[in-house]
Amino acid sequence: MLNTAIPLLARCEEAQPDFAPRRYGLVTACDGGLLEVSGLSLPIGAQCRIAHGPDGGGGGSLLAETIGFRAGRMLMMLLGDTVLLRPGARVRPEGRPGMLPVGEAFLGRAVDGEGLPIDGGPLIAARAEWPSGGVRTSALDRAPVREAFDVGVRALNALTTFGVGQRIGVMAGSGVGKSVLLDMIAHGTEAEIVIVGLIGERAREVSDFVEKHMSGPRRARSIVVAVPADHAPNLRIRGAMLATSMAEYFRAAGHQVLLIMDSLTRVAHAGREIALLLGEPGAARGYPPSALATITKLVERAGNSAASGGSVTGLYTVLADGDNQDDPVVDTARAILDGHVVLSRDLAQRGQYPAIDIAASLSRVMNDIVDPLHQADARAFRALIANYEANRDLVLMGAYRAGADPQLDRAIAMHGALTRFLSQPQREVVPLARSVAELGALMAG
């Protein structure tokens, strides 16, 4: 107990007292979670504490965030439920607008979108802060991707080799295995620091992930930021910004960071809810422009830093609604990311896990970080898989005559070996060097 109190007392000793009069505003309207507050003038992103209770003025408090202003009044959204909120409740500013808590104190902890622990541990005494929107740098300040990144998955290491500082999307419909693949990568990677943002997912998945990965030696280098689907949309976006700000902070200190965001689509959904509340018209299939811009800003914050030598390798899941690969979020993410991994429902139904569609997956930096022999083996593998899938129906019906296409004959003969190469048990880790060696032996044979 004393060890927990000492950091808090040290922060109180360093704090500068503020003797300025405290202003407060009043809640004048509440419409679908959107609050109107009079009497205050605060910047967008500022947090406020709203008093509530039997008389509307005490007995508890709610946290809200400024998302806009209209006709001289502030527009706010609660970070929780509107239960017990009354007209005329007092609203007081709290914290520093646009700043999020970061630091080494979060290592080994699981927190929510406000940085509060959800793992049953003590409060986190974070001394450092980071801008929620990130620190914008010049495009030339980003170092190029030149070093391979080992994810521990044979198919990805060998056929879509990732690089340190790359941004990758895992795209699939619901229930195809995105979260399982992320679990395999988080288990198999050797990054210095792993930051996981579970945004808008099921609460059960959050508890499962924390139980699996926040134990043993990996815990000391891991941070989990979890905001389940039943939380407010602005809190979900705040959770994504907190995870990204953590990654930027450690990159600025020179560390190699793996940032896992599950999922980018839920962040876009949260942005859509807020934009529609503010009256922004829906454009691409109901997504307002600001919702799609939110995910673009998040993705662009990952990458290598030439100044510190650190890196943020971003891995983002993208939910393809209705298995539609032309969904606006999927299309936007695919255009801004440095590579994408597509998971196929057909392959999953055949029992191939992870269900990676190699022909549709791509790493845009692979040719810059692997040797020519590796490139040639990967291209040959892709050609065999694509040729077999294009003629699969003919082969299964017996309509194909052997000898008509030598490459298809080879693809048919090697189909079992190719499928086994793409398959991997969830708990197995295949390092990068071993993956490349197995690919070379398979193609040579």
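1. Observations concerning empty space enclosed by the protein
Working step 1: One pass over the structure, following the stated rule, counts one cavity of 30 Å³ or more.
Working step 2: Each pocket or cavity is described by its volume, and for the largest cavity that value is around 70 Å³.
Working step 3: Around the largest cavity, the lining residues are Ala186, Val194, Val196, Phe209, His213, Arg218, Arg221, Ser222, Ile223 and Val224.
Working step 4: Where the lining of the largest cavity is concerned, the elements lending two or more residues are strand S13 (193–199), helix H4 (203–213) and strand S14 (222–227).
Working step 5: Per element, the largest residue contribution to the lining of the largest cavity is three residues, and it comes from S14.
Working step 6: Looking at the lining of the largest cavity residue by residue, the class counts come to six nonpolar, two polar and two charged.

2. Topic: the packing of aromatic side chains
To describe a pair of aromatic rings, one takes the distance between the centres and the angle between the planes.
Working step 1: As enumerated under the stated definition, the model contains three aromatic pairs in all.
Working step 2: Between Tyr249 and Phe250, the ring centres sit 5.2 Å apart and the planes meet at 75°, which makes this aromatic pair edge-to-face.
Working step 3: Look at Tyr249 and you get buried, because its relative accessible area is 18%.
Working step 4: With a relative accessible area of 1%, Phe250 lands in the buried category.
Working step 5: Relative to Phe421, the ring of Phe381 lies with its centre 5.4 Å away and its plane at 50°, an arrangement referred to as tilted. Of this pair, Phe381 sits in helix H11 (residues 372–390) while Phe421 sits in helix H13 (residues 406–422), and the two are 40 residues apart along the sequence.
Working step 6: A cation sits over an aromatic face here: Arg90 above Tyr24, 4.4 Å from the ring centre.
Working step 7: For the cation-ring pair, Arg272 lies above Tyr287, with the distance from its terminal atom to the ring centre recorded as 4.5 Å.

3. Here we look at unusual backbone geometry
Most peptide bonds take the trans form, and the phi angle of most residues other than glycine is negative.
Working step 1: Residue Ser263 is bonded to the preceding Asp262 through a cis peptide linkage, with omega at 10°.
Working step 2: Mapped onto the secondary structure, Ser263 falls in the loop between strand S15 (256–262) and helix H6 (264–277).
Working step 3: Residues Tyr353 and Pro354 are joined by a peptide bond in cis, for which omega reads -5°.
Working step 4: Unlike most non-glycine residues, Ala71 shows phi in positive territory, near 55°.
Working step 5: Following the sequence through the fold, Ala71 ends up in the loop between strand S4 (61–70) and strand S5 (73–78).
Working step 6: Using a relative accessible area of 80% as the deciding quantity, one classes Ala71 as exposed.

Conventions adopted
- Residues numbered from 1 in each chain as written.
- Predicted model: local features only at pLDDT ≥ 70, side-chain atom pairs only at ≥ 80, totals over all residues.
- Heavy atoms only, no water.
- 1 Å grid on protein atoms, 1.4 Å probe; cavity = no way out; pocket = protein on both sides within 12 Å on 5 of 7 lines; lining within 4 Å.
- Points joined across faces, edges and corners; volume = space filled by probe spheres on them.
- Helix = DSSP H or I, 4+ residues; strand = E, 2+ residues; numbered from the N terminus.
- Nonpolar A, V, L, I, M, F, W, Y, C, P; charged D, E, K, R; others polar.
- Phe/Tyr/Trp six-rings, centres within 6.5 Å; stacked < 30°, edge-to-face > 60°.
- Buried < 20%, exposed > 50% of the residue type's maximum accessible area, 1.4 Å probe, protein only.
- Lys NZ or Arg CZ within 6 Å of the ring centre and 35° of its normal.

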